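Spelled out from the first residue to the last, the chains are:
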Amino acid sequence: MKRLKIVAALLLLVAVSALFSGCAAKLGIPEVKEGRFPFSVTYEINGEPLTYSGVYVCRYDGVLITLVGSSIEWESYIENEETEDVAVQTNGDGTVYINFGFSPEYFMGDPDAAYYDPPSPNLYMIYHSDDPEDLDITSDEDEIATYGVRLIRYEYAEPIENTFREKFTFGRFEPSIN
């Protein structure tokens, strides 16, 4: 019986420590924790229209707790891609990429999405350089168009309607103010 009391006291001590150390919070947790959003972007290279189609995947990834508050963390990616920016042209001066402008908060119906505009794609170009310290980038559409690349249209899935219920939860703690 004495061992049971010691184990119960230790469990209570761990729970209270977590509560007061910043590892626990009461936060709106999403009912729908994962979403898949098909999209397509049509662009032009030297007059030839091309379409990139894919699926943007968003997944609830827990809670982040910092010194100034807590927030929901989302994991997101484009299915079968390593990054969320796709290279569409490499020329003598650099490489042109499409940035899709995705936001998991927007697509998953997160209340914080009020701070996010509906996503839209944009082009940018990273110029080649012999100096790895030098990174020259442009997102000027007129300049990129001189390389024969421009966006034509895009279609993104609509965000889901999600419910966020206040729950007591444990999260990852980062001792920062950001």
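Worth saying up front: this structure is predicted, and the values here are computed from it rather than measured. (Residues numbered from 1 in each chain as written. Predicted model: local features only at pLDDT ≥ 70, side-chain atom pairs only at ≥ 80, totals over all residues. Heavy atoms only, no water.)

Draft legend 1. Representation of the sheet that holds strand β5 (residues 85-90) in the model. Taken in spatial order, the 4 strands of this open sheet run β5-β6-β7-β8, and their pairing is antiparallel. In this open sheet, the two edge strands, each paired with only one partner strand, are β5 and β8 (137-138). (Pairing = 2+ DSSP bridges. Helix = DSSP H or I, 4+ residues; strand = E, 2+ residues; numbered from the N terminus.)

Draft legend 2. Region of interest: a negative patch on the surface. Taken together, D130, D131, E133, D134, D136, D140, E141, D142 and E143 make up a surface patch of like negative charges. Turning to its location among the elements, D130 is positioned in the loop between β7 (122-127) and β8. (Patch = residues over 30% accessible without salt bridge, like charges linked within 9 Å, V, L, I, M, F, W, Y side chains within 5 Å. Areas by Shrake-Rupley, 256 points an atom, 1.4 Å probe, with all protein chains shown as cover. Salt bridge = Lys/Arg side-chain N within 4 Å of Asp/Glu carboxyl O. Lys, Arg positive; Asp, Glu negative; His and termini not counted. Charge placed at Lys NZ, Arg CZ, Asp CG, Glu CD.)

Draft legend 3. Representation of the confidence of the model for the chain. Of the residues in the chain, 79% reach a pLDDT of 70 or more, and the chain-wide mean stands at 84. Scored below 50 in pLDDT, residues 18-22 makes 8 contacts in the model with residues more than four places away or belonging to other chains. (pLDDT = per-residue confidence, 0-100. Contact = heavy atoms within 4.5 Å.)

Draft legend 4. Representation of the packing of aromatic side chains in the model. All told, the structure shown has 15 aromatic pairs when counted by the stated rule. Measuring from ring centre to ring centre gives 4.9 Å for F37 and F107, while their planes differ by 40°; the resulting arrangement is tilted. Separated by 70 residues along the polypeptide, F37 in strand β2 (residues 34-45) and F107 in helix α2 (residues 104-107) bring together distant segments of the chain. F107 carries the same exposure label as F37, and that label is buried. Among the aromatic side chains, those forming a connected cluster through ring pairs are F37, F39, Y52, Y56, F100, F102, Y106, F107, Y154 and Y156. K33 extends its terminal NZ or CZ atom over the ring of Y60, reaching a point 5.1 Å from the ring centre. (Phe/Tyr/Trp six-rings, centres within 6.5 Å; stacked < 30°, edge-to-face > 60°. Buried < 20%, exposed > 50% of the residue type's maximum accessible area, 1.4 Å probe, protein only. Lys NZ or Arg CZ within 6 Å of the ring centre and 35° of its normal.)

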